[in-house]
Every structure is written in structure tokens, then in C-alpha cells.
Amino acid sequence: MKKLTLLAAAVLLTACQTPSSEPKASLDGEVFYLQRIALPPTATLSVSLQDVSLADAPARVIDEQKGPVQGQVPLKFHLSYDPLQVEPGHRYSVSARIENDGKLLFITTEHHAVQLDGKDPQPLQVRVDAVR
């Protein structure tokens, strides 16, 4: 009887477990700038992975990391995506911005393309330029 109870409990626990959701892949990288200045301690970093395939529509954000800047450049980031949702023929890119008190300080001005095929060089190097 004890074995039957343990078996029933094991079956119930297995049934209650949620299957792992979508498979995840990730992009790790660093945001940097060329100016020799320190960021204010209240600066925030925002890095996003976007589908930029449609020229006449806003980019679709796949993942985004936002938060206070930790230290000085290079600033590390980690973005996740589901490789099963990567569409053949689509173009993907990573963009970044640094703000302080709602004022834009730095932003990407070049296209940082990624393939999302598992072969993107990591860590990605994303340069941002000062806003004047």
C-alpha cells in the first residue's frame, strides 16, 4: 500500500510540472563609446534585440534589457530569444541607448546586425555615439 501511495504521489507531481516553455538562446555583449568621460551614477542603459525587416513599420522588439548602469564602459548586456521564432529572410539587429534623467546621452548610430543562427560572435560589441 505504501508503494502504491508513493507511486500515485509521483504521478501527480509529474502531471503538475509545467513543461519547459519555449527554447531559449541568448546574445551577450558589451556597449561602449569612444569618448573619455564617465557616466553619471544615475544613468540608465537600454539594449534591445529587434526584427527590422519591414522598412515602412516600426521594428518589432524581441527582447530588451533596461536598468541602471553598473559601473563604467564597457557595459555588459544579455538578451534572450526563442530560436524557433527566428524567421528566414528577416533582418535582426541590436540597438542601445544611455540616458540620464530622461535625457538621451548616447545612442547607436550604426546598424548592428545579428543572424540569430547560433553563430553570432559573442560578446557582441555595440558602439554608441554621443548625442549633441
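As shown above, the structure is provided for reference.
Residues numbered from 1 in each chain as written. Predicted model: local features only at pLDDT ≥ 70, side-chain atom pairs only at ≥ 80, totals over all residues. Heavy atoms only, no water.

### Comments concerning the sheet that holds strand β4 (residues 75-81)
Okay, step 1: Spatially, three strands are ordered β4-β1-β8 in an open sheet, and the strand pairing comes out mixed. A single partner strand is all that each edge strand has here, and the edge strands are β4 and β8 (124-127). Across the sheet, the mean angle from the axis of one strand to that of its neighbour is 35 degrees, orientation sign disregarded.
Okay, step 2: Here seven bridges tie strand β1 (residues 25-32) to β4, and the two strands are oriented antiparallel to one another. Bridge pairing links Leu-27 to Leu-79 in β4. (Pairing = 2+ DSSP bridges. Helix = DSSP H or I, 4+ residues; strand = E, 2+ residues; numbered from the N terminus. Axes fitted to C-alpha atoms, helices over the stretch in contact; angles between N-to-C directions.)

### Here we look at the pairing of strand β2 (residues 43-51)
The side chains of a regular strand alternate, residue by residue, between the two faces of the sheet.
Okay, step 1: Buried residues dominate β2, accounting for eight of its nine residues.
Okay, step 2: Relative to strand β5 (residues 92-100), β2 runs antiparallel, the two being bridged by nine bridges. Its bridge partner lying in β5, Leu-49 is registered against Val-94.
Okay, step 3: Across eight bridges, β2 lies against strand β3 (residues 60-68) in antiparallel orientation. Bridge pairing in β3 links Leu-49 to Asp-63. (Buried < 20%, exposed > 50% of the residue type's maximum accessible area, 1.4 Å probe, protein only.)

### Topic: the packing of aromatic side chains
Okay, step 1: Inspection of every chain in the model, using the stated rule, returns one aromatic pair.
Okay, step 2: Relative to Phe-106, the ring of Tyr-33 lies with its centre 4.2 Å away and its plane at 15 degrees, an arrangement referred to as stacked. Residue Tyr-33 is found in the loop between β1 and β2, and its partner Phe-106 is found in strand β6 (residues 103-107); the two are separated by 73 residues along the sequence.
Okay, step 3: Exposure remark for Tyr-33: the relative accessible area of 5% places this residue in the buried category. (Phe/Tyr/Trp six-rings, centres within 6.5 Å; stacked < 30°, edge-to-face > 60°.)

### Quick notes on the side chain of Asp-120
Okay, step 1: Mapping Asp-120 onto the fold places it in the loop between β7 (113-114) and β8.
Okay, step 2: Buried within the structure, Asp-120 lacks any salt-bridge partner; Lys-119 is the closest side chain of opposite charge, at an N-O distance of 10 Å.
Okay, step 3: At 2.8 Å, the side chain of Asp-120 forms a polar contact with the backbone nitrogen of Gln-115.
Okay, step 4: When near neighbours in sequence (up to four residues on either side) are disregarded, Asp-120 contacts Leu-27, Val-114 and Gln-115. (Lys, Arg positive; Asp, Glu negative; His and termini not counted. Salt bridge = Lys/Arg side-chain N within 4 Å of Asp/Glu carboxyl O. Polar contact = N/O pair within 3.5 Å; in protein donor to acceptor, adjacent residues only side chain to side chain. Contact = heavy atoms within 4.5 Å.)

### Let's talk about the pattern of salt bridges
Okay, step 1: Scanning the model with the defined rule gives six salt bridges in all.
Okay, step 2: In this structure, Glu-30 and Lys-76 form a salt bridge, with 3.1 Å as the shortest nitrogen-oxygen distance. Placement of Glu-30 in strand β1 and of Lys-76 in strand β4 is noted, with a sequence separation of 46 residues between them.
Okay, step 3: With a shortest N-O distance of 4.0 Å, Glu-64 and Lys-66 are connected by a salt bridge.
Okay, step 4: For Glu-64, a relative accessible area of 39% puts it in the partly exposed group.
Okay, step 5: Here Lys-66 falls in the exposed class, since its relative accessible area comes to 62%.
Okay, step 6: Several salt bridges converge on common partners, so that one network encompasses Glu-110, Arg-127 and Asp-129.

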